[in-house]
Amino acid sequence: MKERFEQGLKEAEQPFHGWDFGYITSSGRMQSGVMPWSYNEMARSCMQDTKRMLDMGTGGGELLSSLLPLPPYTCATEGYTPNIAIAKDRLSPLGVNVYPVIDDAQLPFADEEFDLILNRHESYDPREVWRVLSEGGVFLTQQVGWSDCREINDRLGIPMPSDYAGWELDFAVDQLVRNGFHIWDQRESAPLQRFYDIGALVYYLNTIPWQVPDFTVERFRDPLWDIHLVMERHGFWEVQQKRFIIGATKNN
C-alpha cells in the first residue's frame, strides 16, 4: 500500500500544458459528474449567425478550437503567460487573434467590438464586458463557485481562499444586472468529482494552485496518506464541485 502511495506521488510529476486535464481524465483517474447543461452546446447555439466573437480566458485554445466553424472575426484572450504561445499555435491557423490580458478592466478592444462573448471559468469585469459588447450582444459565462471542492481544503486543514469569498450565482447575477444586463438564463450545479488514486489528486492540486496555496506533497503528506487510505478502501475519494452558468444580453 505504501508503494502504491509513493508511486502515485511520482506519477503526479507531469508537466501541465494549456488547460487540458487529459492526463488524469482520459485514463479515468479523475471523473466529474454530469451537469444539467452543456456549455459547448449553449455556446454553439449562441454562435449562430454571430459575426464577431470573443473567447475570454481561452487557456490553450482547446475548447474554442472544438467549436468550429467559428465566426468570421474571432478573438481570444489569455492571462496565463505559458498558455499564450500554446493558444496562438492552436488558434492562429484558424484565423483567431490571441491577446494577452493582465487586467480584466482593460481589454485591448474597441467599444462594442463583439456581438458574442464567451467566458468559461475566467474572471471578468462586468463593466468592461459591457463596453466591448455590442447593443443586444450576448455574454455567456460558466463559472466556478467559491465553495468548489471545499472538501479538499477541509481534509488538508486549509481554509478556503478568501480572495473570491461569496463568488456564487446570486452575487454574479446581481453584479451583471446592476451593470445593465438582462439575464435570460441562470443555473447552478454541484456535481461530484471523484479521484481514483492519490497521484490524480496531487496532479490536480499542482495545476490549480489557488485551491491550496503553497501546496507541496511534503507539507501535506500525512493528510494525503489518509486520503490514499480512503481510496484504497472505497476505490475513490470524492468531493463536490460548484458550477454556475449565466446567459445575459446587453440592454441600452
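Here the structure is a predicted model, which is why all the values come from computation and not from measurement.

### Here's the deal with the UniProt feature "domain: Methyltransferase type" (unreviewed entry) in the protein
When the UniProt feature table is mapped onto this chain, "domain: Methyltransferase type" (unreviewed entry) is found at residues 54-140. For residues 54-140, the helix share is 25%, the strand share is 32%, and the end-to-end C-alpha distance is 11 Å.

### Some words on the state of the cysteines
Working definition of a disulfide: a covalent bond connecting the sulfur atoms of two cysteines. Across all of its chains, the model carries zero disulfides by this definition. You can see C46 has no disulfide; the closest cysteine sulfur is in C75, sitting 18 Å from it. Residue C46 is classed as buried on the basis of its relative accessible area of 17%.

### A few points about the packing of aromatic side chains
Centre distance and the angle of the planes are the two values used to describe a pair of aromatic rings. Applying the stated criterion to the full structure yields 15 aromatic pairs. For the ring pair Y99 and F109, a centre distance of 5.0 Å and an interplane angle of 80 degrees mean the geometry is edge-to-face. Here Y99, found in strand β4 (residues 97-100), pairs with F109, found in the loop between β4 and β5 (114-120); they are 10 residues apart in sequence, far enough to count as distant. Given a relative accessible area of 7%, F109 falls into the buried group. Considering the side-chain rings of F109 and F114, the 4.9 Å spacing of their centres and the 85 degrees angle between planes classify their relative orientation as edge-to-face. For F114, a relative accessible area of 0% translates into the label buried. Put simply, the rings of Y124, W130, F139, W167, F171, F181 and F244 touch in pairs and so form one group of aromatic residues. The positively charged end of K2 is found above the aromatic ring belonging to W225, 4.4 Å away from the centroid.

### A look at the side chain of T50
One can find T50 in the loop between α3 (39-47) and β2 (52-56). The residues contacting T50, other than those within four sequence positions of it, are P71, P72, D115 and L116.

### Concerning the pairing of strand β6 (residues 133-144)
Buried residues dominate β6, accounting for nine of its 12 residues. Here β5 pairs with β6 via six bridges, running parallel. Counterpart to I117 in the pairing with β6 is F139. In terms of strand pairing, β6 meets strand β10 (residues 243-250) through seven bridges, oriented antiparallel. Paired with Q143 across the bridge in β10 is F244.

### Remarks on the pattern of salt bridges
A complete count under the given rule lists 18 salt bridges for this structure. As a salt-bridge pair, R29 and D197 come within 2.7 Å of each other at their nearest N and O atoms. Taken together, the residues R29 in the loop between α2 (22-25) and β1 (30-32) and D197 in the loop between β8 (192-195) and α9 (198-207) connect sequence positions 168 residues apart. E112 is paired through a salt bridge with K250; the nearest N and O atoms lie 3.7 Å apart. With E112 in the loop between β4 and β5 and K250 in strand β10, this residue pair connects regions lying 138 residues apart in the sequence. One connected set of salt bridges, linked through shared partners, spans E6, E218 and R221.

### Digging into the nonpolar core
Formed by 28 residues in total, the largest nonpolar core has its most connected members in I152, L156, F195, L201 and Y204. If one sorts the elements of this core by residue count, α9 sits on top with seven residues. For L156, the residues in contact, after removing those within four places along its chain, are L205, V212, F215, F220, P223, L224 and I227.

Calculation rules
Residues numbered from 1 in each chain as written. Predicted model: local features only at pLDDT ≥ 70, side-chain atom pairs only at ≥ 80, totals over all residues. Heavy atoms only, no water. UniProt positions renumbered as here; feature names shortened; annotations may be inferred. Helix = DSSP H or I, 4+ residues; strand = E, 2+ residues; numbered from the N terminus. Disulfide = S-S within 2.5 Å. Buried < 20%, exposed > 50% of the residue type's maximum accessible area, 1.4 Å probe, protein only. Phe/Tyr/Trp six-rings, centres within 6.5 Å; stacked < 30°, edge-to-face > 60°. Lys NZ or Arg CZ within 6 Å of the ring centre and 35° of its normal. Contact = heavy atoms within 4.5 Å. Pairing = 2+ DSSP bridges. Salt bridge = Lys/Arg side-chain N within 4 Å of Asp/Glu carboxyl O. Core = buried A, V, L, I, M, F, W, Y, C linked by side-chain atoms within 4.5 Å.

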